[in-house]
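Spelled out, the chains give:
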Amino acid sequence: MKRNVVIFGLVMGSVLCINMVYMVHLCYTNPDFKSNDLVGYAGMVVIFSLIFFGVKNYRDKQLEGLISFGQAFKMGILIATIASIMYVVVWLFYYYLFVPDYLEKYILLVLKETPTADLPAKTKEMENFKEMYKNPFFVVLITFSEVFPVGLVVSLISAFFLKRNNKTAVSQE
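Note that the structure is predicted; figures quoted are calculated from it, not measured. (Residues numbered from 1 in each chain as written. Predicted model: local features only at pLDDT ≥ 70, side-chain atom pairs only at ≥ 80, totals over all residues. Heavy atoms only, no water.)

Participant: An account of the packing of aromatic side chains is requested, with residue identities and associated values reported.
Facilitator: Evaluated as defined, the whole model comprises 14 aromatic pairs. When the centroid spacing of 5.6 Å and the interplanar angle of 80 degrees are considered together, the rings of W91 and Y102 count as edge-to-face. You can see W91 sitting in helix α4 (residues 69–97) and its partner Y102 sitting in helix α5 (residues 102–113), a full eleven residues away along the chain. Each member of the pair W91 and Y102 is classed as buried. Put simply, the rings of W91, Y94, Y95, Y96, F98, Y102, Y106, F129, Y133 and F138 touch in pairs and so form one group of aromatic residues. Here the basic side chain of K163 rests over the ring of F160, its NZ or CZ set 4.8 Å away from the ring centre. (Phe/Tyr/Trp six-rings, centres within 6.5 Å; stacked < 30°, edge-to-face > 60°. Helix = DSSP H or I, 4+ residues; strand = E, 2+ residues; numbered from the N terminus. Buried < 20%, exposed > 50% of the residue type's maximum accessible area, 1.4 Å probe, protein only. Lys NZ or Arg CZ within 6 Å of the ring centre and 35° of its normal.)

Structure follows, in structure tokens:
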């Protein structure tokens, strides 16, 4: 199981990091960039679907087609954890070494997309966020929480669909 977890976690983490660096680059260099959270999270769901394939690969090749919900969920969470940690580490290096003023550009983007009526409240919220982002521990927590919950949901769904506890389920396919 360790081998599958590490391989799928590193592959998924690499794809997540490439996607993140590309999106940050677009936002950072393009003043007309328009963010779309729905597209962003849909992309993450597609990337995290590697959890499904990692668990299925392990179930079919190592466990003769049988895996419990708990085993499948544990494996999915481990894959998601490796990928999420990799995402956080790459973000920390990228942010602090290459785009230390990214937050200013991001805040301008957010405020530009905010309706006029909500602007004072959103400005205050962004000022608070900027202040919290000065703490590296907060940066780690917020970055991890961007991706890990998606991995958690995909792990649950994958475990539900991939679980097989008896030989009859395997022979019916």
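Participant: Kindly report on the side chain of R59, identifying the contributing residues and their values.
Facilitator: The topology assignment puts R59 in helix α3 (residues 50–62). The class of R59 is buried, set by a relative accessible area of 3%. Polar side-chain contacts of R59 include one of 2.8 Å to the side chain of D60. In this structure, R59 is in contact with E64, G65, L66, I67, L162 and R164, ignoring residues within four places of it in sequence. (Polar contact = N/O pair within 3.5 Å; in protein donor to acceptor, adjacent residues only side chain to side chain. Contact = heavy atoms within 4.5 Å.)

Participant: Any details on the pattern of salt bridges? Residues and values, ideally.
Facilitator: Here the structure, examined in full by the defined rule, presents five salt bridges. One salt bridge connects K134 with E131, and the closest N-O pair in it is separated by 3.2 Å. Overall, K134 belongs to the exposed group, its relative accessible area being 58%. Put simply, K56, R59 and D60 are held in one network by salt bridges that share partners. (Salt bridge = Lys/Arg side-chain N within 4 Å of Asp/Glu carboxyl O.)

Participant: Could you give me a rundown of helix α2 (residues 37–48), with the residues and numbers involved?
Facilitator: Under the 1.5 Å per step criterion, the end-to-end length of α2 is 16 Å for twelve residues, consistent within 8% with the ideal 16 Å. In this structure, the buried side of α2 is in contact with α1 (2–29), α3, α4 and α7 (136–162). (Expected span 1.5 Å × (residues − 1).)

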